[in-house]
Amino acid sequence: MAEAIRKIKRMDVPEEKIREDNVEDVVRKVSDNKDAILNGIDILATLHEQGMLDLLHALIKRKDDALENILTELNKPQYAESLKNIGQLVFLLGDIKLDEIQYFTDKINQGMAEASAVETDEITSYVALFKALKEPEINRSVTMLLHFLRGMGK
């Protein structure tokens, strides 16, 4: 039978080799994530230019005092209604049908582009208004507005 192992001799890895391996790992990670690191540096530079890093640093160091001041300020009666409305606004945003809003905002933007392109001081007569209703685009827009007003009135 084999003899039992009583003593294990561990391999001693020199500390210099460990550091060298760690540096290689860091260089590899930096190389793999170059774009993310550069974007992070840009964000930090912008925050520093705007003075926001100092603000964030102070908030982090004095978080208890800052949180107490913020909560004290928010507990004032003048902010009570606003805080109540924030909750309702979040629920309202959940009810909004964004694809329908997108359709209408696209149409509004098209109409505003057309309106801003025309520079005229002429006055539209009643006859010209009734003639304009014969144009398909105008008739479609007026019909859409009428349906909108009917739906809003229900």
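Our subject is the structure listed above.
This structure is a prediction, so every number in the text was calculated from the model and none was measured.

Peer 1: Talk me through the pattern of salt bridges; I want residue IDs and the actual numbers.
Peer 2: Two side chains that carry opposite charge are able to pair once their charged atoms sit near each other. In the structure shown here, the tally under the stated rule is 6 salt bridges. Salt-bridge contacts for Asp-21 lead to Lys-17; the nearest nitrogen and oxygen are separated by 3.2 Å. Placement of the pair is Asp-21 and Lys-17 together in helix H1 (residues 15-32), with a separation of 4 residues, close to one helical turn.

Peer 1: Describe a nonpolar patch on the surface, listing the residues and the values that go with them.
Peer 2: A grouping of Tyr-126, Phe-130, Leu-133, Ile-138, Val-142, Leu-146, Phe-148, Leu-149 and Met-152 is seen on the molecular surface, where their side chains present a nonpolar patch of about 930 Å² in accessible area. Elements that contribute at least two residues to the nonpolar patch include exactly helix H7 (126-132) and helix H8 (136-153). With 6 residues, H8 is the largest single contributor of residues to the nonpolar patch. On the secondary structure map, Leu-133 appears in the loop between H7 and H8. For Leu-133, a relative accessible area of 30% corresponds to the partly exposed category.

Peer 1: Requested: an account of the layout of surface pockets, with residues and values cited.
Peer 2: The space that makes up the largest pocket amounts to roughly 730 Å³. Lining the largest pocket are 16 residues, and of these Lys-107, Ile-108, Gly-111, Glu-137 and Ser-141 lie nearest its centre. Residue assignment for the lining of the largest pocket shows that the elements contributing at least two residues are helix H6 (98-117) and H8. Among the residues forming the lining of the largest pocket, the class breakdown is 8 nonpolar, 3 polar and 5 charged.

Peer 1: Break down the environment of Arg-10 for me, citing the residues and quoting the values.
Peer 2: In this fold, Arg-10 is placed in the segment before H1. Along the sequence, Arg-10 and Phe-130 sit 120 residues apart, while their C-alpha atoms lie 98 Å from each other.

Peer 1: A description of the packing of aromatic side chains should follow, citing residues and the corresponding values.
Peer 2: One pass over the full model with this rule turns up 1 aromatic pair. Ring geometry for Tyr-103 against Phe-104: centres 5.4 Å apart, planes inclined by 75°, an arrangement best described as edge-to-face. When its relative accessible area of 39% is taken as the criterion, Phe-104 is described as partly exposed.

Peer 1: Give a description of H1 that names residues and reports values.
Peer 2: With 18 residues, H1 ought to run about 26 Å at 1.5 Å a step, and its terminal C-alpha atoms sit 26 Å apart, in line with that. The buried fraction of H1 amounts to 0 of the 18 residues, a small share that puts the element mostly on the outside.

Reading the values: the criteria
- Residues numbered from 1 in each chain as written.
- Predicted model: local features only at pLDDT ≥ 70, side-chain atom pairs only at ≥ 80, totals over all residues.
- Heavy atoms only, no water.
- Salt bridge = Lys/Arg side-chain N within 4 Å of Asp/Glu carboxyl O.
- Helix = DSSP H or I, 4+ residues; strand = E, 2+ residues; numbered from the N terminus.
- Patch = residues over 30% accessible without salt bridge, like charges linked within 9 Å, V, L, I, M, F, W, Y side chains within 5 Å.
- Areas by Shrake-Rupley, 256 points an atom, 1.4 Å probe, with all protein chains shown as cover.
- Buried < 20%, exposed > 50% of the residue type's maximum accessible area, 1.4 Å probe, protein only.
- 1 Å grid on protein atoms, 1.4 Å probe; cavity = no way out; pocket = protein on both sides within 12 Å on 5 of 7 lines; lining within 4 Å.
- Points joined across faces, edges and corners; volume = space filled by probe spheres on them.
- Nonpolar A, V, L, I, M, F, W, Y, C, P; charged D, E, K, R; others polar.
- Phe/Tyr/Trp six-rings, centres within 6.5 Å; stacked < 30°, edge-to-face > 60°.
- Expected span 1.5 Å × (residues − 1).

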